[in-house]
Amino acid sequence: MATETKPTVIKKYANRRLYHTGTSSYVTLEDLAGMVRLGEDFLVYDAKSGDDITRSVLTQIIVEQEGKEGQNLLPVTVLRQLIRFYGDSIQSLVPSYLEFSMNNLSRDQQKLREQMSATFGGSVFQTMEEQVRKNMGLFTEAMRMFTPFTGRPGGAVEPKRDNDADGETSDLDALKRQMADMQAKLDDLARK
């Protein structure tokens, strides 16, 4: 019977120092980034209030990594799109979609490594480019599913209306069709 290990507890003090309770030593954000890369699970608590601040510390790690020269992982367009989702009616869907996408990317990452080791030649970069294009295509298509209305970016717009035998269909019917199409695309993505 496998035993599940508990996450390491990190305490953050008012002086912004991080204390690793497992090793009884102070650590840096870079140390925590290394733990994440190694797959070590940890939780960060504010030492004074006891609040779980893991999310904000992980975000700090990403900000530091993005600030390093040549370490940009998140394109500006993706960052802007994420900001637009805050307060949007589909905000609650974004975390599960991102988690699903990252799990697929992690799975595909292993396939890419295997292809690179099998190929290991001039076509390695071509294989990487194809994989990146495929992943960005999936991400772009998924983002389109989350913006079912057409019009100028950032503006409130009317949904597209399709004509039927009696003239224009109602907005509600159009939205129902768009939701059914979106569900079909999500199901298709899940199967891939």
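As recorded in an unreviewed UniProt entry, the protein chain goes by Polyhydroxyalkanoate synthesis repressor PhaR and comes from Microvirga brassicacearum.

Q: I tried to follow the sheet that holds strand E2 (residues 18-20) on my own but got confused; where do I start?
A: Pairing between the strands of a sheet comes from backbone hydrogen bonds, and it takes one of two forms, parallel or antiparallel. In space, the 4 strands of this open sheet follow the order E3-E2-E1-E4, with mixed pairing throughout. Each edge of the open sheet is held by one strand with a lone partner, namely strand E3 (25-27) and strand E4 (42-46). Neighbouring strand axes in the sheet, compared pairwise and without regard to direction, differ in orientation by 35° on average. Sheet topology places E2 next to E3; 3 bridges connect them, and they run antiparallel. Bridge pairing in E3 places Tyr19 opposite Tyr26. Across the sheet, helix H2 (residues 54-67) is in contact with strand E1 (8-12) and E4; its angle to E4 comes to roughly 110°.

Q: Whenever I open this one, the pattern of salt bridges confuses me. Can you help?
A: Pairs can form between side chains of opposite charge once their charged atoms are near each other. For the coordinates displayed, the defined rule picks out 3 salt bridges. Two residues, Glu30 and Lys68, come together in a salt bridge whose shortest N-O distance is 2.8 Å. Separated by 38 residues along the polypeptide, Glu30 in helix H1 (residues 29-37) and Lys68 in the loop between H2 and helix H3 (76-85) bring together distant segments of the chain. With a relative accessible area of 34%, Lys68 lands in the partly exposed category. Across the salt bridge formed by Asp108 and Arg107, the nearest N and O atoms sit 3.6 Å from each other. For Arg107, a relative accessible area of 36% corresponds to the partly exposed category. It is possible to trace a salt-bridge network through shared partners that takes in Glu30, Arg37 and Lys68.

Q: Please explain the UniProt feature "domain: PHB accumulation regulatory" (unreviewed entry) in the protein chain as it appears in this structure.
A: Look at the UniProt record and you will see "domain: PHB accumulation regulatory" (unreviewed entry) annotated at residues 74-113. With 75% helix and 0% strand, the stretch residues 74-113 has end C-alpha atoms that lie 21 Å from each other.

Q: Help me understand the nonpolar core in this model?
A: Residues Ile10, Leu18, Val27, Leu29, Leu32, Ala33, Met35, Phe42, Val44, Ile53, Val57 and Ile61 constitute the largest nonpolar core, which totals 12 residues. Elements represented by at least two residues in this core include exactly H1, E4 and H2. Take this core: its biggest share by element is 4 residues, from H1.

Cut-offs applied
- Residues numbered from 1 in each chain as written.
- Predicted model: local features only at pLDDT ≥ 70, side-chain atom pairs only at ≥ 80, totals over all residues.
- Heavy atoms only, no water.
- Pairing = 2+ DSSP bridges.
- Helix = DSSP H or I, 4+ residues; strand = E, 2+ residues; numbered from the N terminus.
- Axes fitted to C-alpha atoms, helices over the stretch in contact; angles between N-to-C directions.
- Contact = heavy atoms within 4.5 Å.
- Salt bridge = Lys/Arg side-chain N within 4 Å of Asp/Glu carboxyl O.
- Buried < 20%, exposed > 50% of the residue type's maximum accessible area, 1.4 Å probe, protein only.
- UniProt positions renumbered as here; feature names shortened; annotations may be inferred.
- Core = buried A, V, L, I, M, F, W, Y, C linked by side-chain atoms within 4.5 Å.

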